[in-house]
Amino acid sequence: MASKRLAAAFLRAAPLAFAAATLTTACASTSAVPGFRDVKKTVRERTGYRLRWNQATEEDRDVEHAVRDLLARPLSVDGAVQVALLNSPSLQALYEDLSLAQADVVQAGLLSNPVFSADITTAEREALDPNLIVGVTQSFLDLLLIPAKKKVAASEFEAAKFRVGSAVLAMAADVKTAFYAAQAAEQALAVRRTMAVAEEASFELAQRQAEAGNVSELAASDEKTLYLETRLDVSRAEADDDAAREALTRRMGLTDPSWQIVGRLPDLPPADVPVDRLEEQGVRDRLDLAAIRQEVATLDYALSLAKTSRWTGVIDIGADVARLKDGTIVVGPRASLELPIFDQRQAPVASLEAQLRKSQELLAERVIEARSEIRAAHDRMRHARQAAEQYRSAIIPTREHVVELSQQEYDSMLLGVYQLVAAKRSEVNAYRDYIDTVRDYWTARSELERALGAPLPIAAVSGETPPPAPSPSPPPAAPPGEHHHHPS
């Protein structure tokens, strides 16, 4: 009698449980688009750049048109970053991590499938017909643990969003670094070509004077050597320019390096943010640190779940259906309980405890590394600024003054043409070195943004501008006029 009441209760409860499970399954979506929208919003708020996840929609076609429009005109640093974030195949692949994490969230909310069983009775029994006894069982523990498992999976999904966002910001910083390298390489090539024009004219003059017997063969050979070395410098600068363009092309996810870049490197901002403020901001806001913190929380949830279920074992409930000799169909409950005698989940619990401690220590290490990365990048930026300002305020004006004085003495026939060319060469080299220091500043600034996990604010640009590269000034064959270059 009691068994009949138990069976009846089970039959009444089972449809409700399975209906709830079915409703949960029907409401679950494997689409990670909502998670991607969160990443896109975070990136937009921090940088102003747009993201897209290519799903072959009308919006994706509009984005492709926007990329083509950006590439149709000279690229700025922001334009290059935007092209990369919209076009990079590596980012498209990265976004699939959101799909994987979302699939885990859905899986955590699903019941395990019921198990169907059938027994053949061959022995003579008083009540049973020698026929089939069929049954179905379902893990009861799964139903109880679904909320906890979903919490673990949802926490891991949040960590995945932080990791993806961090990778996007790192990509933006890398593209900026590649852009400034390409911009500096193009400027350096222009300076090298400027010097090559002057050296070629000096070499041709030396040849004519040597033929006329006005200079020694030694002086003419020396000018020839300088000319050949200058041509080699141009070739090397062209190789550097090609390599820098290809590096930026790869970063932007393009197959054609025929894009154009805007003029020279930007001026230095008038001031930089103090490093102590940046350290605290980086530790607070960096997305990779947020991802590790979320992973620590995920492991903490998982450990709590493992400890909660370690003593219950596997609980299965179900029903059997049998036919009696008189033709009556009988339904009876079935239940099984794992006895945690030998395996009390000691190993999984210990493993999760070790993983939790490991993640906590890794978080502490990454905080130390983040602070160090911010300070190191800030130091490089500060030293590059000091060097650039020294070139702009002292070295280049001095070199220009030397060229001016050399020109005056040449006009007075107190200085030879080759000494004038040598002064001009030193001036050009100073411009080239200045370009390198400005590039180093912006590269360090990009590295600092990567270490910070967010762009640095650009203050109003100072009225001072870097000196332009000198225009070609071949040495004159007769007393020349002045050709002094001033900062624009």
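Scroll up to find the structure this text is about.
Residues numbered from 1 in each chain as written. Predicted model: local features only at pLDDT ≥ 70, side-chain atom pairs only at ≥ 80, totals over all residues. Heavy atoms only, no water.

Let us look at the overall build of the chain. Across its full length, the chain carries 11 helices and 4 strands. In the chain, the share of contacts with a sequence separation of at least 24, taken over all contacts with a separation of at least 6, comes to 78%. Just so you have it, the chain exposes about 25700 Å², and 56% of that area is on carbon and sulfur atoms. (Helix = DSSP H or I, 4+ residues; strand = E, 2+ residues; numbered from the N terminus. Contact = heavy atoms within 4.5 Å. Areas by Shrake-Rupley, 256 points an atom, 1.4 Å probe, with all protein chains shown as cover.)

The element helix 4 (residues 77-87) is largely enclosed, with a buried count of 9 among its 11 residues. For helix 4, every residue scored as buried is listed here: V77, G79, A80, V81, Q82, V83, A84, L85 and L86. (Buried < 20%, exposed > 50% of the residue type's maximum accessible area, 1.4 Å probe, protein only.)

Attention now goes to the packing of aromatic side chains. Taken as a whole and assessed by the stated rule, the structure comprises 7 aromatic pairs. For the cation-ring pair, K151 lies above Y301, with the distance from its terminal atom to the ring centre recorded as 4.3 Å. We note R245 situated over the ring of W259; from NZ or CZ to the ring centre the distance is 4.0 Å. (Phe/Tyr/Trp six-rings, centres within 6.5 Å; stacked < 30°, edge-to-face > 60°. Lys NZ or Arg CZ within 6 Å of the ring centre and 35° of its normal.)

Turning our attention to the nonpolar core. Core analysis: the largest hydrophobic core is formed by 71 residues, its most contacted members being L98 and M252. Looking at this core, the elements that each hand over two or more residues are helix 2 (33-47), helix 3 (58-71), helix 4, helix 5 (89-108), helix 6 (140-212), helix 7 (217-251), helix 10 (346-411) and helix 11 (417-452). For this core, the element with the most residues is helix 6, which contributes 17 residues. In this structure, A302, L303, V349 and L352 belong to the second largest nonpolar core, which totals 9 residues. (Core = buried A, V, L, I, M, F, W, Y, C linked by side-chain atoms within 4.5 Å.)

Moving on to the pattern of salt bridges. Within this structure, the stated rule accounts for 31 salt bridges. For the salt bridge of E156 with R163, the shortest nitrogen-to-oxygen distance reads 2.8 Å. A relative accessible area of 27% places E156 in the partly exposed class. Take R163: its relative accessible area is 34%, and that puts it in the partly exposed class. With a shortest N-O distance of 3.6 Å, R366 and E373 are connected by a salt bridge. When its relative accessible area of 18% is taken as the criterion, R366 is described as buried. Salt bridges sharing common partners tie together R286, D288, R366, E369 and E373. (Salt bridge = Lys/Arg side-chain N within 4 Å of Asp/Glu carboxyl O.)

Turning our eyes to something else, we now look at the packing of helix 8 (residues 275-285) against helix 10. Interhelical geometry of helix 8 versus helix 10 gives an angle of 145 degrees and a closest axis separation of 9 Å. When you trace helix 8 past helix 10, the crossing you get is right-handed. Every residue of helix 10 that contacts helix 8 at V275, L278, E279, E280, G282 and V283 is listed here: V367, R371, I374, R375 and H378. Split by residue class, the contact of helix 8 with helix 10 holds 5 nonpolar, 2 polar and 4 charged. (Axes fitted to C-alpha atoms, helices over the stretch in contact; angles between N-to-C directions. Left-handed = near helix turned anticlockwise from the far one by under 90°. Nonpolar A, V, L, I, M, F, W, Y, C, P; charged D, E, K, R; others polar.)

What follows is about a nonpolar patch on the surface. A surface patch of nonpolar side chains, amounting to about 520 Å² of accessible area, comprises L337, L339, I341 and F342. With respect to the helices, strands and loops of the structure, I341 is situated in the loop between strand 4 (329-337) and helix 10. (Patch = residues over 30% accessible without salt bridge, like charges linked within 9 Å, V, L, I, M, F, W, Y side chains within 5 Å.)

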